[in-house]
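# Results of the structural survey
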Amino acid sequence: MYEPTIDALRRGAAAEAVTAAREVVEAQPQDPVAQRLLSAALRMSGDRAGALAAIDRAIELLPEDAQAHMERAGLLLDERALDEAQVSLAQAVGLDPNKFPAYVMQAQLAVGRGDLDQAESLIKTAARIAPEDPQVLALEGTLALRRGNPDRALSILSQASQRHPDEAILRHALGFAYAAKGHYAFAEQAFRGLLERYPSNPLRAMVADLVRRQGRPGEAVDELLPILDQGGDSPALRRLIGEMELEAGRPDSAVVRLKSVLVEQPRDRRTVVALTEAWRRCDQADDARATLEMLLAGNPDAADLWYARLMFEPFASDNAREVVERWLTAMPDFVPALEARATIHQQVGETEQADAIARRITEINPGHAGAELRVVDNLMRSDPDAAVAQVESLLARAKDENVKRMLRQLLGRTFDAAGQYDAATATWAELHAEVVSQRLPLPPLNDGLPELPAMAPVPEQAPGVAFLWGLPGSLVERVALTLDNARLPLLADRFGSKPPRDPMQRYGTVAALTDGSLDPSFLINQWRATHATRGVSDGRIIDWLLWWDNALLLALRPHLPEARLIFVLRDPRDMLVDWLAFGAPMPFAIESPEAAAEWMARTLGQIADLRDGGLFAHSLIRLDDTAHDGAAIAQSLSDVLGVPLPALPAGAQGPDRYPAGHWRHYAGALAPAFAALAPVAERLGYPAR
């Protein structure tokens, strides 16, 4: 789609580039990339006003696009008659090979279109004419940044800014270099200085994005509101503000803004996702249903709207079934809708109907993973040996490596169903060993704590604070789902793409606490400082931790005595088998079952130490006999938290796992690993055999 424009830009064919770019923009008017290419083409053709309008449109469509801001900065250069050079760039270079502004402009265009080799050549030519010119230095720094070397970019641009402190282009480039390094406060300072001198909505949006990245989404919203007041309203800007308000813990306001965007752009997935979460946080299911039904009436083939609509019905309920039936009426044979109907059949025990739909999906989309898995699941119940053969057949036909890995994981489970436990163990261990380099290392553990500080008194009327943690295989995720279903203040963001930047997320915290290089009070203060960006407004929080180590007691005992620890347990040997067979919420590396068992044993030893020594307020929730019983899980949590919790709907916690004691089938295959776990298992009250 973009290639004709890019090719014309590379050849310097301005008229062809403009024609090609306009065709893309006409076909995709909401595409910011198309607008950027049109700006570059118009810039090359000499239409500065058109180029500026196009890049402004690109920024309006995607305000957080740093490169679009960079390209706009190039258009706004007010140096050495560059406007004149822009109008007659090709002619100027032909008549005067040493004409400096022409080379600068050509280099800027080359950077803008991503032709970095040509940009470097042009920058070198311009540098021979005026090596200390601020524009040349800005281009050198920008080129280093585009080539993935922010350290070199910062070195060039910071030195140049010291020599030319009033040069806007240098401050602009320096701001982007700081941002690339994650130095958002310095980047904010650079762009604020520019905003004061050259007020503009794109610069204000850039400042807002930097404020947001520093964990101040509420202030970021305040930065953007003047743009709306000045008539700069656009759906993209309202969506961005709504997302920031959601981050800042203002879901009610977010609903208003995001709903206005969705009405205008009902097929915008990003808006659907953000608005669905805002509705959920505000408990506005009725408004969600009414709005989505209205939009679906005019957009019956908008799959994202159907996904959202289904979220506001109880899982596998009659109402959910009715929504799915209407979805299939609107989009017959749409595979995700068929999957939803099969899931409902499965949850209410209509296995034959679910299997029939799975077979239908494989007819529509041969090789569809979910449907093939359902067929295999049925075979594991009725004919395990046939299930092994079916998966081996799928493996022989699979081409994608990720699909092959998934099928090999499943093959291990079919071996388990067929009673081939040695083969299952070998399959899983081999799979985990192959991806060690692609997984997170196991969290470090302390080698010996210093003396623990005294427990501080619990503050009066302190907000409820709890930390949730469980080893891989503990099925802690089912406890988390139950808490979330009950609308308790559970935060699972440590397992997502935007985890909080506090010491409780970092592996180095254990060593820093034990050697004294990390102040325990600073740790707690930093943890609290992230609450606003995580949507915590009243201090109430159940924080699902990525790892646990008793070193955290050095901070919790004196500075957060009101907290409670909630540990989720199963027999350690069952947890190891589950981890090998099904993975874990966080993809930790397993070099070998023995290495995983050694780490588990040390970690569980710390839990036993904490329990036996009464080192901190805690609860142990054992899921050995209740992992598949949503009501029992809810009751266990109710006993811990002192509030009644509803049970998850049947099956909502995910597929069944192996029953308690299943580890005994692996007593031979995993004997060395189980030997490492046996002492701590007995210490925690589990039988030796």
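Here is a short report on the structure shown in this document. (Residues numbered from 1 in each chain as written. Predicted model: local features only at pLDDT ≥ 70, side-chain atom pairs only at ≥ 80, totals over all residues. Heavy atoms only, no water.)

A few words now on the pattern of salt bridges. Under the counting rule described, the total for this entry stands at 50 salt bridges. Between Arg 321 and Glu 350 there is a salt bridge, with its nearest N and O atoms 3.4 Å apart. In this pair, Arg 321 is assigned in helix 21 (residues 318-330) and Glu 350 in the loop between helix 22 (335-347) and helix 23 (351-364), connecting sequence segments 29 residues apart. A relative accessible area of 24% means that Arg 321 is categorised as partly exposed. With a shortest N-O distance of 2.8 Å, Asp 502 and Arg 494 are connected by a salt bridge. Both residues of the pair, Asp 502 and Arg 494, belong to the buried class. Taken together, the shared-partner salt bridges in this structure form one network comprising Asp 286, Arg 289, Glu 293, Arg 309, Glu 313, Glu 322 and Arg 326. (Salt bridge = Lys/Arg side-chain N within 4 Å of Asp/Glu carboxyl O. Helix = DSSP H or I, 4+ residues; strand = E, 2+ residues; numbered from the N terminus. Buried < 20%, exposed > 50% of the residue type's maximum accessible area, 1.4 Å probe, protein only.)

In this section: the sheet that holds strand 3 (residues 541-544). The strands making up a sheet are joined through hydrogen bonds of the backbone, oriented either antiparallel or parallel. If you trace the five strands from one edge of the open sheet to the other, you get 2-3-1-4-5, paired in parallel fashion. Every other strand in the sheet has two partners, leaving strand 2 (490-491) and strand 5 (618-622) as the edge strands with one partner each. In terms of strand pairing, strand 1 (residues 465-470) meets strand 3 through four bridges, oriented parallel. Within strand 3, the residue paired with Ala 466 across the bridge is Ile 542. Packing against the sheet, helix 28 (residues 476-485) makes contact with strand 1, strand 2, strand 3 and strand 4 (564-569), and its axis sits at approximately 145° to strand 1. Each of strand 3, strand 4 and strand 5 touches helix 34 (residues 630-641); the most contacted strand, strand 5, lies at about 170° to it. (Pairing = 2+ DSSP bridges. Contact = heavy atoms within 4.5 Å. Axes fitted to C-alpha atoms, helices over the stretch in contact; angles between N-to-C directions.)

Take Leu 228: it is sitting in helix 15 (residues 217-229). In the structure, Leu 228 is positioned 64 residues away from Leu 292 in sequence and 26 Å away in space, judged by C-alpha atoms. Among residues more than four places away in sequence, those in contact with Leu 228 are Asp 233, Leu 237, Arg 238, Ile 241 and Arg 257.

Looking now at the side chain of His 345. Summarising the element assignment, His 345 is placed in helix 22. Relative accessible area serves as the criterion here: at 10%, His 345 is assigned to the buried category. His 345 has contacts with Arg 321, Glu 350, Thr 351, Gln 353, Ala 354 and Ile 357, leaving out every residue within four places of it along the chain.

Moving on, we come to unusual backbone geometry. A positive phi angle, near 60°, is found at Ala 316, a position not held by glycine. With respect to the helices and strands, the residue Ala 316 is situated in the loop between helix 20 (303-311) and helix 21. The exposure class of Ala 316 is buried, given its relative accessible area of 17%. Of note in this structure, Arg 487 is not a glycine but carries a positive phi near 60°.

Between its terminal C-alpha atoms helix 17 (residues 251-264) stretches 20 Å, which fits the 20 Å expected from 14 residues at 1.5 Å a residue. Those residues of helix 17 that fall on the buried side of the exposure criterion are Pro 251, Ala 254, Val 255, Leu 258, Val 261 and Leu 262. An end-on view of helix 17 places all buried positions within 140° of arc, on one side of the element. Opposite the buried face of helix 17, by more than 90 degrees, sit the exposed residues Asp 252 and Val 256. (Expected span 1.5 Å × (residues − 1). Arc of directions from axis to C-beta.)

Here we come to the packing of helix 20 against helix 21. In the contact formed by helix 20 and helix 21, the axes pass within 10 Å of each other and the chain directions differ by 170°. In terms of axis orientation, helix 20 runs roughly antiparallel to helix 21. Residues Ala 303, Trp 306, Tyr 307, Arg 309 and Leu 310 of helix 20 pack against Ala 320, Val 323, Val 324, Arg 326, Trp 327 and Ala 330 of helix 21. By residue class, the composition of the contact of helix 20 with helix 21 is nine nonpolar, no polar and two charged. (Parallel < 35°, antiparallel > 145°, perpendicular 65-115°, else oblique. Nonpolar A, V, L, I, M, F, W, Y, C, P; charged D, E, K, R; others polar.)

What the rule picks out here adds up to 16 aromatic pairs. On the numbers, 5.4 Å between centres and 50° between planes, the contact of Phe 467 with Trp 527 is tilted. Of this pair, Phe 467 sits in strand 1 while Trp 527 is found in helix 30 (residues 520-529), placing the two residues 60 residues apart along the sequence. Ring pairs connect the aromatic residues Trp 306, Tyr 307, Trp 327 and Phe 334, which therefore count as one cluster. Taking the ring centre of Trp 663 as reference, the NZ or CZ of Arg 573 above it sits at 4.0 Å. When the ring centre of Phe 582 is taken as reference, the NZ or CZ atom of Arg 657 above it lies at 4.5 Å. (Phe/Tyr/Trp six-rings, centres within 6.5 Å; stacked < 30°, edge-to-face > 60°. Lys NZ or Arg CZ within 6 Å of the ring centre and 35° of its normal.)

Running from N to C, helix 18 (residues 269-282) and helix 20 point in directions that differ by 10°, and their axes come no closer than 10 Å. Judged by the angle between their axes, helix 18 and helix 20 are roughly parallel. Facing Arg 269, Val 272 and Thr 276 of helix 18, the residues of helix 20 in contact are Asp 304, Leu 305, Ala 308 and Met 311. Residue classes in the contact of helix 18 with helix 20 are distributed as four nonpolar, one polar and two charged.

Turning our attention to the environment of Asn 446. Position of Asn 446 relative to the elements: it lies in the loop between helix 27 (421-434) and strand 1. The spatial distance from the C-alpha of Asn 446 to the C-alpha of Ala 185 is 34 Å, given a sequence separation of 261 residues. Beyond its immediate stretch of four places on either side in the chain, Asn 446 contacts Val 510, Thr 514, Asp 549, Asn 550, Ala 551, Arg 602 and Gln 606.

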